[in-house]
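# Architecture at a glance
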Amino acid sequence: MNGRIIAIGDIHGCHLEFGELLDRLELTKDDRLILLGDLVNRGPDSCKVIDLARQHNALSLLGNHELRLLNYRRTTDTAFLKSEDEDTHAKLRPEDWAYLEAMPLTHYVDELNVVFVHGGFLPNEPWQRQPANVVTRIQVIDRDGKPRKRADEPDAPAWADLWNGPPYVVYGHTPRPEIYKLKWSVGIDTACVFGGHLTAFEFPEKRFVQVKARKAYYP
Ligand SMILES: [Mn+2]
């Protein structure tokens, strides 16, 4: 491994912050950029985010927002659709849909024994076999061991609190005001679209780089 491996948390259409973070990172051709999903929706311009991702040859993982848009496109079932999706659905170009279709669920780096994912994993099952509905959406674990949204189970533990590696997991999806760093995981969704920060985490230095959001784009 010559260059760095750099993960970036949920961008959600915040192309200005994403562009600033890319400038700050001073990428070289040996660096590998991994976007942790939810590139789209809520923020100012989803298409510009995908353009930047493509220009920098990023590996983009599937987030729950991309999954929902793809499900709607496949089924035309509006049950999958949220109001924030409609604008994005109308604006995405054919090459953007192809980009979303190609997003993998996880990325594992053998040399580091690190796995990258949008949401996270159920702690007591092999991570390689967990389905899209789990790994893109999990936030907390309820009393029955089921994956749930934090808003639905505010007192339940975060999945990461119950996760014992290896592997070490780098994830987004659960927005927090601060980076959530534990022994076996790091959560780097620092709520950029809500007016927080956009965070990058670099290997092998294990260094964080953050850009402050220009404003809260979404309530
Ligand atoms: Mn998400």
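Please refer to the structure higher up on the page.
The present account deals with the structure reproduced in this document. (Residues numbered from 1 in each chain as written. Predicted model: local features only at pLDDT ≥ 70, side-chain atom pairs only at ≥ 80, totals over all residues. Heavy atoms only, no water.)

### What about the overall build of the protein?
As a reminder, the rule being used: Starting at the N terminus, helices and strands are each numbered in turn, a helix being any DSSP run of H or I of at least four residues and a strand any DSSP run of E of at least two. Both definitions apply: the radius of gyration is a C-alpha atom measure, and the globule rule equals 2.2 Å times residues to the power 0.38. Throughout, exposure labels follow a simple rule: accessible area from a 1.4 Å probe, protein chains only, divided by the maximum for the residue type, with under 20% read as buried, over 50% as exposed, and the rest as partly exposed. Contact definition: two residues touch when any of their heavy atoms are within 4.5 Å. Computed by Shrake-Rupley with a 1.4 Å probe, the accessible areas treat only the displayed protein chains as cover when residues are assessed. Residues counted as positive are Lys and Arg, residues counted as negative are Asp and Glu, and His and the chain ends are not counted. By convention, charge coordinates are those of NZ in Lys, CZ in Arg, CG in Asp, or CD in Glu.
Each helix and strand in the protein was counted, giving six helices and twelve strands. For 219 residues, the compact-globule estimate of 2.2 N^0.38 gives 17 Å, and the C-alpha radius of gyration of the protein, at 16 Å, lies within 12% of that figure. Across the 219 residues of the protein, 53% fall into the buried class. Residue pairs at least 24 apart in sequence account for 60% of intrachain contacts in the protein once pairs closer than 6 positions are excluded. Total accessible area on the protein is roughly 10,500 Å²; 47% of this is exposed by carbon and sulfur atoms. Computed over 28 positive and 32 negative side-chain charges, the separation of the two mean positions in the protein equals 1 Å.

### Regarding the sheet that holds strand E8 (residues 168-171)
Formally: Think of it this way: DSSP has to see at least two bridges between two strands before they count as a pair.
Here we have five strands laid out as an open sheet, ordered E4-E5-E8-E10-E9, and mixed in their pairing. Among the strands making up the open sheet, the edge pair consists of strand E4 (106-109) and strand E9 (180-181). Both E9 and strand E10 (residues 185-187) contribute to a ladder of two bridges, which runs antiparallel. Residue pairing for E10: Tyr180 is matched across the bridge by Gly187.

### Structural notes on unusual backbone geometry
Of note, the bond from Gly165 into Pro166 is cis; its omega dihedral lies within 30 degrees of zero at 0°. Take Pro166: it is sitting in the loop between strand E7 (147-148) and E8. Following Pro166, the chain continues to Pro167 via a peptide bond in cis, the omega torsion being 5°. Relative to the helices and strands, Pro167 resides in the loop between E7 and E8.

### Concerning the packing of helix H2 (residues 46-55) against helix H5 (residues 94-101)
Formally: Structural elements are reduced to axes, namely lines fitted to C-alpha atoms, with helices fitted over the stretch in contact, and the angle between N-to-C directions of any two is expressed from 0 to 180 degrees. These descriptions rest on fixed angle ranges, namely under 35 degrees for roughly parallel, over 145 for roughly antiparallel, 65 to 115 for roughly perpendicular, and the rest for oblique. Should the near helix be turned anticlockwise from the far one by less than a right angle, the crossing is left-handed, and should it be turned clockwise, the crossing is right-handed. Any residue that is not Ala, Val, Leu, Ile, Met, Phe, Trp, Tyr, Cys, Pro, Asp, Glu, Lys or Arg is counted as polar, Gly included; the first ten are nonpolar and the last four charged.
Remark: H2 packs on H5, axes separated minimally by 11 Å, with the N-to-C direction vectors making an angle of 65°. Between H2 and H5, the angle is such that the two are roughly perpendicular. Along this stretch, H2 crosses H5, giving a crossing that reads as left-handed. On the side of H2, the interface is formed by Cys47, Ile50, Ala53 and Arg54, while H5 contributes Glu95, Asp96, Tyr99 and Leu100. Across the contact of H2 with H5, the residue classes break down as five nonpolar, no polar and three charged.

### With respect to the nonpolar core
For the record, the criterion: The set of buried Ala, Val, Leu, Ile, Met, Phe, Trp, Tyr and Cys residues whose side-chain atoms join them within 4.5 Å is what this entry labels a nonpolar core.
Counting 34 residues, the largest nonpolar core has Ile8, Ile11, Phe18, Leu21, Leu35 and Leu39 as the members making the most contacts within it. The set of elements that each furnish at least two residues to this core consists of strand E1 (5-8), helix H1 (15-25), strand E2 (32-35), H2, helix H3 (64-75), H5, strand E11 (197-203) and strand E12 (207-212). When residues in this core are grouped by element, the largest group, five residues, is from H2. Apart from residues lying up to four places away in sequence, Leu39 is in contact with Ile11, His12, Gly13, Val49, Ala53, Ser60, Glu66, Tyr99 and Met103.

### Some words on the sheet that holds E11
Note: strands within a sheet are paired through backbone hydrogen bonds, in either parallel or antiparallel orientation. Strand order in the open sheet made by the five strands is E3-E2-E1-E11-E12, with mixed pairing throughout. In the strand order of this sheet, the two ends are held by strand E3 (59-60) and E12, each with one partner. For E1 and E2, the ladder comprises four bridges, and the chain directions are parallel. The partner of Ile5 across the bridge, within E2, is Arg32. Packing of H1 onto the sheet brings it into contact with E1, E2, E11 and E12, and relative to E12 it is tilted by some 140°.

### Structural notes on the packing of aromatic side chains
Heads up, the condition is: Only Phe, Tyr and Trp rings are paired, with Trp represented by its six-membered ring, and only when their centres lie within 6.5 Å; those with planes under 30 degrees apart are stacked, over 60 edge-to-face, the remainder tilted. For a lysine, the NZ atom is tested; for an arginine, the CZ atom; a charge sits over a ring if that atom is within 6 Å of the ring centre and within 35 degrees of the ring normal.
One pass over the full model with this rule turns up ten aromatic pairs. Relative to Trp159, the ring of Phe121 lies with its centre 6.4 Å away and its plane at 80°, an arrangement referred to as edge-to-face. Taken together, the positions of Phe121 in the loop between strand E5 (114-117) and helix H6 (132-135) and Trp159 in the loop between E7 and E8 put the pair 38 residues apart, joining distant regions of the chain. One exposure class covers both Phe121 and Trp159, and it is buried. Grouped by ring-pair contacts, the aromatic residues Tyr108, Phe121, Trp127, Trp159, Trp163 and Tyr171 constitute a single cluster. Positioned above the aromatic ring of Tyr180, the side-chain terminus of Arg176 is 3.9 Å from the ring centre.

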